[in-house]
There are 2 protein chains.
Amino acid sequence: VCDAILTLAVRGAPAIGIAGAMGLVVALAAHDADSTPQLLARVDDLSARIGSVRPTAVNLMWALERMRRVAHATGESPEMIRSALRREADAILREDRAMCRRIGEHGLSLVADGARVLTHCNAGALATGGMGTALAPVYLAKEAGRTVSVFADETRPLLQGSRLTAWELVQAGIDVTILADNMAASLMREGRVDLVIVGADRIAANGDVANKIGTFPLALAARHHGIPFYVAAPWSTVDPATRTGAEIVIEHRDADELMSTAGWRNAPAGVSAYNPAFDVTSAELITAIITDRGIARTPYHFAG
Amino acid sequence: VCDAILTLAVRGAPAIGIAGAMGLVVALAAHDADSTPQLLARVDDLSARIGSVRPTAVNLMWALERMRRVAHATGESPEMIRSALRREADAILREDRAMCRRIGEHGLSLVADGARVLTHCNAGALATGGMGTALAPVYLAKEAGRTVSVFADETRPLLQGSRLTAWELVQAGIDVTILADNMAASLMREGRVDLVIVGADRIAANGDVANKIGTFPLALAARHHGIPFYVAAPWSTVDPATRTGAEIVIEHRDADELMSTAGWRNAPAGVSAYNPAFDVTSAELITAIITDRGIARTPYHFAG
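The model shown is predicted, which means the values in this text are computed figures rather than measured ones.

To continue, consider the relation of the copies chain B and chain A. Superposition record for chain B on chain A: RMSD 0.0 Å, screw rotation 180°, translation along axis 0.0 Å. In symmetry terms, the pair is related by a two-fold rotation axis. Mapped onto chain A, 98% of the interface residues of chain B again fall at the interface, so both copies present the same surface.

If you walk across this open sheet you meet the 8 strands as β14(A)-β13(A)-β7(A)-β4(A)-β1(A)-β2(A)-β3(A)-β11(B), and the pairing is mixed. Every other strand in the sheet has two partners, leaving β14 (294-297) of chain A together with β11 (272-274) of chain B as the edge strands with one partner each. The mean inter-strand angle of the sheet, taken between neighbouring strand axes irrespective of direction, is 30°. Pairing between strand β4 (residues 195-198) of chain A and strand β7 (residues 229-232) of chain A: 3 bridges, direction parallel. For Val198(A), the partnering residue across the bridge sits in β7(A) and is Val231(A).

In this section: the interface of chain B and chain A. With 53 residues of chain B at the contact, the number on the chain A side is 52 residues. Buried surface at the junction of chain B and chain A, both sides included, amounts to about 4300 Å², of which 66% is carbon and sulfur. Taken as a group, Asn182(B), Met183(B) and Tyr274(B) account for 18% of the area that chain B buries against chain A, more than any other trio of residues on that side. Seen at the junction of chain B and chain A, the total is 2 salt bridges. For the interface between chain B and chain A, the tally reads 20 residue pairs in polar contact (both at pLDDT 80 or more).

Our focus in this paragraph is the confidence of the model for chain A. Close inspection of predicted coordinates is inappropriate in any region flagged by low pLDDT. Averaged over every residue, the pLDDT of chain A is 95; the share at 70 or more is 100%. With a pTM of 0.91, the predicted complex shows an ipTM of 0.91.

Here the focus is the packing of aromatic side chains. To describe a pair of aromatic rings, you give the distance between the ring centres and the angle between the ring planes. Applying the stated criterion across every chain yields a total of 4 aromatic pairs over all chains. Residues Tyr300(A) and Phe302(A) carry aromatic rings whose centres are separated by 5.9 Å and whose planes lie at 15° to one another, so their mutual orientation is stacked. For the pair formed by Tyr300(A) and Phe302(A), the shared burial category is buried. Look at Trp235(B) and Phe302(B): their rings are 5.6 Å apart centre to centre, the planes differ by 70°, and that puts the pair in the edge-to-face class. Remark: Phe302(B) occurs in the segment after β14 (294-297) and Trp235(B) occurs in the loop between β7 (229-232) and β8 (238-239); sequence separation between them is 67 residues. For Phe302(B), a relative accessible area of 9% corresponds to the buried category.

It is worth spelling out helix α9 (residues 215-225) of chain B at this point. Every α-helical turn comprises 3.6 residues, leaving residues that sit three or four positions apart pointing alike. Residues and elements named next belong to chain B. For α9, the buried fraction is high: 8 of the 11 residues fall into the buried class. Taken together, the buried positions of α9 are Thr215, Phe216, Pro217, Leu218, Ala219, Leu220, Ala221 and Ala222. Of the residues trailing α9, glycine 226 is marked for its positive phi of about 65°.

Looking now at the packing of helix α3 (residues 36-51) of chain A against helix α5 (residues 78-107) of chain A. Residues and elements named next belong to chain A. Where α3 meets α5, the axes come as close as 9 Å, and the angle between the chain directions of the two elements is 30°. Taken together, the axes of α3 and α5 are roughly parallel relative to one another. On α5, the residues touching Thr36, Leu39, Leu40 and Val43 of α3 are Pro78, Ile81, Arg82 and Leu85. Within the contact of α3 with α5, the residues separate by chemical class into 6 nonpolar, 1 polar and 1 charged.

Rules used in this analysis
- Residues numbered from 1 in each chain as written.
- Chains lettered and ligands numbered in written order.
- Predicted model: local features only at pLDDT ≥ 70, side-chain atom pairs only at ≥ 80, totals over all residues.
- Heavy atoms only, no water.
- Least-squares fit on C-alpha atoms with pLDDT ≥ 70 in both.
- Contact = heavy atoms within 4.5 Å.
- Pairing = 2+ DSSP bridges.
- Helix = DSSP H or I, 4+ residues; strand = E, 2+ residues; numbered from the N terminus.
- Axes fitted to C-alpha atoms, helices over the stretch in contact; angles between N-to-C directions.
- Buried area = accessible area lost by both parts, 1.4 Å probe.
- Salt bridge = Lys/Arg side-chain N within 4 Å of Asp/Glu carboxyl O.
- Polar contact = N/O pair within 3.5 Å; in protein donor to acceptor, adjacent residues only side chain to side chain.
- pLDDT = per-residue confidence, 0-100.
- Phe/Tyr/Trp six-rings, centres within 6.5 Å; stacked < 30°, edge-to-face > 60°.
- Buried < 20%, exposed > 50% of the residue type's maximum accessible area, 1.4 Å probe, protein only.
- Parallel < 35°, antiparallel > 145°, perpendicular 65-115°, else oblique.
- Nonpolar A, V, L, I, M, F, W, Y, C, P; charged D, E, K, R; others polar.

Below, the structure is given as structure tokens:
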């Protein structure tokens, strides 16, 4: 599971949280002779190990902490702890499905008939247990009979937009156009984008948002053109302990992601690479944050 | 030559102009039985054909028009016309080399010792007959003994930054770091960029600049962070007949450039693509335009 999260076979903040919880259950199954104290120590140890793989993903910490609390609160036989953890992981998945739909319901009013939505990376069904976060309002608009089309940034370096977002929207019968990340500003200038909706990996108490690299310049371009810029994310993405985006530690990934594509080496030897996985968008650039608990607008003051 | 320009085997506005002029000479060689009227008609016809390949590249038009004028002004024997055209093409190359160095000399004062320069696409030696345009001040800063380092946007979809700019800077012994286009805003936010220098494919009379797609969002990010944003280009890139950037027709390229990389198909069937080759940066976002005739600052009023 750690490897799947590290290599992005599982990605998307909610999906990572679900995988972390499920992964903990699976990992414990290999230790069925543990006593209760041994099992609890192992829960703590494995949670820390899984949580360390993607430190920016607050949902992962959140899901693992929730699992740890259940394990320690149950505190009876190893069997009872195991089955409580299994139920908890199932609940996390089930709640995630419901959370997605609620985000969609809250965001639906923002997606008018004929809306042209620009999104970045993948914050859709492939990132969650349900219909996604940023794409949930789009799916519900389609469900409500509205015409909606999506522009999907390809999202370098790993192309989640053209590989994942485009794929799931084609499956859903929604019109989708891909573009390189650096083309979004031109599209806005041409008047072809009505709103932007992106996901979030972590939301600070003041509304600053850490999300996939490329989100911040998109917010700058939206602001320049007067286009609404929305973030859609589960409430669990809010981290009240993080006061502002400046406190968020950004994960830097391997240079090779920029140096080669599909086995084709495109950069010369002797060159360095700058490859942060996320950026921080300041709250003042964000028109509203759509969560499963409703729509928050600036000035943001998130509490736990 | 048309094919080389179309497939970007030759790219970079000045290099395209040189290739167009040289290409005309080569193409005429295949018609050595032409009479003077036949030859002049062929010059017009071939110029129009070569010029139509990349209509945004004003240097191409400029070089071909210059060749046409020489042919018609010479107006004697076919042999004299041919040798005049050959001399003119050689002069265009020679002048281009001198032009690059003059841009470098004018821009040198902007590149202090220790400067960290962000650039986009390739406006270096590989784009011109000489040391480049955007990179000329960098090369001269190095020549003057200053320490200078470069951040090179990879420049999707064709990766001219990581393939070409990184390569030529490594050859020159200049420290170079590549990044995805969508990472430049984060780098600026971290305070790691002192100035931006990019090239230009066409400059309107009011100072609006058409350049490789991705230039415009870079200018927005530079403005947001208070970082100087410079355009470096030969005077021949200025097109006084184009009043503003709104008049510039943007070339749209094949969707396949976004759909697959090195033979790896990364987008699903059923998806569309938006793939403009250039964008327009408004003059008010440009701190100064460095040409071989000096540095122009806002408000720009370019005349012929």
